[in-house]
Amino acid sequence: MSNPAADVVVVTYFPGDTITSFLQSVVGADAVASVTIVDNATGDEAAERAAAEAEVAFVRAARNGGYGAGANLGAAHGSADWILISNADIVVGPGAIASLVAVGESDPSIGAVGPRVCEIDGTTYPSARPLPTLVLGAGHALFGKVWPSNPWSKRYRIVLDPHGGEVEAGWLSGSCLLVRRAAWDAVGGFDEGYFMFFEDVELGRGLDRAGYRRVWTPAASVTHLGGHSYRSDPAPMLEAHHASARRYVHRVYPRWWQAPVRAAVAAGLEMRQRAEVAAARKRLATRAD
């Protein structure tokens with residue numbers, strides 16, 4: 001029997017008060033079939049307490065396998081036609097989940113729908129982008145910060161107009177993402193080889209190969225509050241991001257004769273990682289002074 005609603009899955013890791021804000025925005029909302037918290041942390045009871053207070057399902061992961069593994073675990077606990085996967089530091093806007101489901105239900109070829117992700121200052125986060133190619137990804141990675149108007153970054157940064165219409169995307173940010181359960185099952189959910197970052201890019205690639213569209217819509221809006229761990233020490237997150245980028249390149253270019261490409265990209269990512277970690281630590285030291 002069809003169940004055009006969403007099972008909400010939120011993956012937590014020392015979420016602080018953000019999990020309470022998230023639950024307040026989704027529990028009892030239209031088109032929500034169930035809510036499940038998957039906690040990847042040990043020694044932290046915030047998520048479990050919040051689940052008990054909100055009377056939603058709680059699953060403590062046996063190990064911290066990363067964001068994708070946690071999302072896969074939570075998705076297995078539901079049976080609705082759609083799965084909404086989210087970070088804990090998201091506040092879902094009124095009617096957003098119902099709007100996402102409505103967009104997905106409008107066309108059976110749609111496999112995933114992404115909302116407008118707003119930063120606290122009201123700006124729109126670039127949560128929908130084309131699938132990265134070698135040239136596009138390298139150009140954006142090398143020149144995105146020092147030359148923001150470069151042609152590669154322009155192509156990679158899809159224009160997301162909050163007052164416009166739906167936009168076709170290659171991949172949608174996993175920070176808050178609605179996925180058709182049939183499409184999710186067809187591609188096997190998130191690739192758990194990515195501890196964090198790029199699991200959403202890999203999902204977009206899998207959905208593309210399976211023939212499913214990925215659509216961004218401004219009809220649904222969520223607010224990103226921002227993670228605590230990244231602000232306190234960004235180095236581990238930057239290292240994880242670059243490790244996942246290397247894995248993605250290996251997945252896209254796996255053949256033996258593409259080894260020089262993989263090596264060149266790995267070397268470039270290593271240099272970029274060192275530079276960004278050094279810059280981040282310098283900023284933290286300056287603030288401490």
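This is a predicted model, so every value here is computed, not measured. (Residues numbered from 1 in each chain as written. Predicted model: local features only at pLDDT ≥ 70, side-chain atom pairs only at ≥ 80, totals over all residues. Heavy atoms only, no water.)

This next bit is on the domain arrangement of the protein chain. One can read the domain layout of the protein chain as domain 1 (6-224) and domain 2 (234-288). Once you take the C-alpha centre of each, domain 1 and domain 2 turn out to be 23 Å apart. Contacts between domain 1 and domain 2 engage 15 residues on the former and 14 residues on the latter. Across the interface of domain 1 and domain 2, roughly 1400 Å² is buried in total on both sides, 63% from carbon and sulfur atoms. Summed over the shared surface of domain 1 and domain 2, the number is two salt bridges. Among the ionic pairs, D191 bridges to R251, the shortest N-O distance being 2.3 Å. Linking domain 1 with domain 2 are four residue pairs in polar contact (both at pLDDT 80 or more), by the criterion used here. Taken together, the elements giving at least two residues each to the side of domain 1 that touches domain 2 come down to helix 5 (134-143) and helix 8 (199-209). The element contributing the most residues to the side of domain 1 that touches domain 2 is helix 8, with three residues. (Domains from an automatic or database assignment. Contact = heavy atoms within 4.5 Å. Buried area = accessible area lost by both parts, 1.4 Å probe. Salt bridge = Lys/Arg side-chain N within 4 Å of Asp/Glu carboxyl O. Polar contact = N/O pair within 3.5 Å; in protein donor to acceptor, adjacent residues only side chain to side chain. Helix = DSSP H or I, 4+ residues; strand = E, 2+ residues; numbered from the N terminus.)

The next subject is helix 4 (residues 96-105). Each full turn of the α-helix corresponds to 3.6 residues, which orients residues three or four apart in the same direction. When helix 4 is considered as a whole, its buried residues turn out to be A96, I97, L100, V101, V103 and G104. An end-on view of helix 4 places all buried positions within 160 degrees of arc, on one side of the element. (Buried < 20%, exposed > 50% of the residue type's maximum accessible area, 1.4 Å probe, protein only. Arc of directions from axis to C-beta.)

With the rule as written, the count across this model stands at one cavity of 30 Å³ or more. Taken as a whole, the largest cavity spans an internal volume of roughly 40 Å³. Lining the largest cavity are A112, W171, L172, L177, D200, L203, G204, L207 and R214. Listing elements by their share of the lining of the largest cavity, those giving two or more residues are strand 9 (171-172) and helix 8. Counting residues per element, the lining of the largest cavity draws most heavily on helix 8, at four residues. Looking at the lining of the largest cavity residue by residue, the class counts come to six nonpolar, one polar and two charged. (1 Å grid on protein atoms, 1.4 Å probe; cavity = no way out; pocket = protein on both sides within 12 Å on 5 of 7 lines; lining within 4 Å. Points joined across faces, edges and corners; volume = space filled by probe spheres on them. Nonpolar A, V, L, I, M, F, W, Y, C, P; charged D, E, K, R; others polar.)

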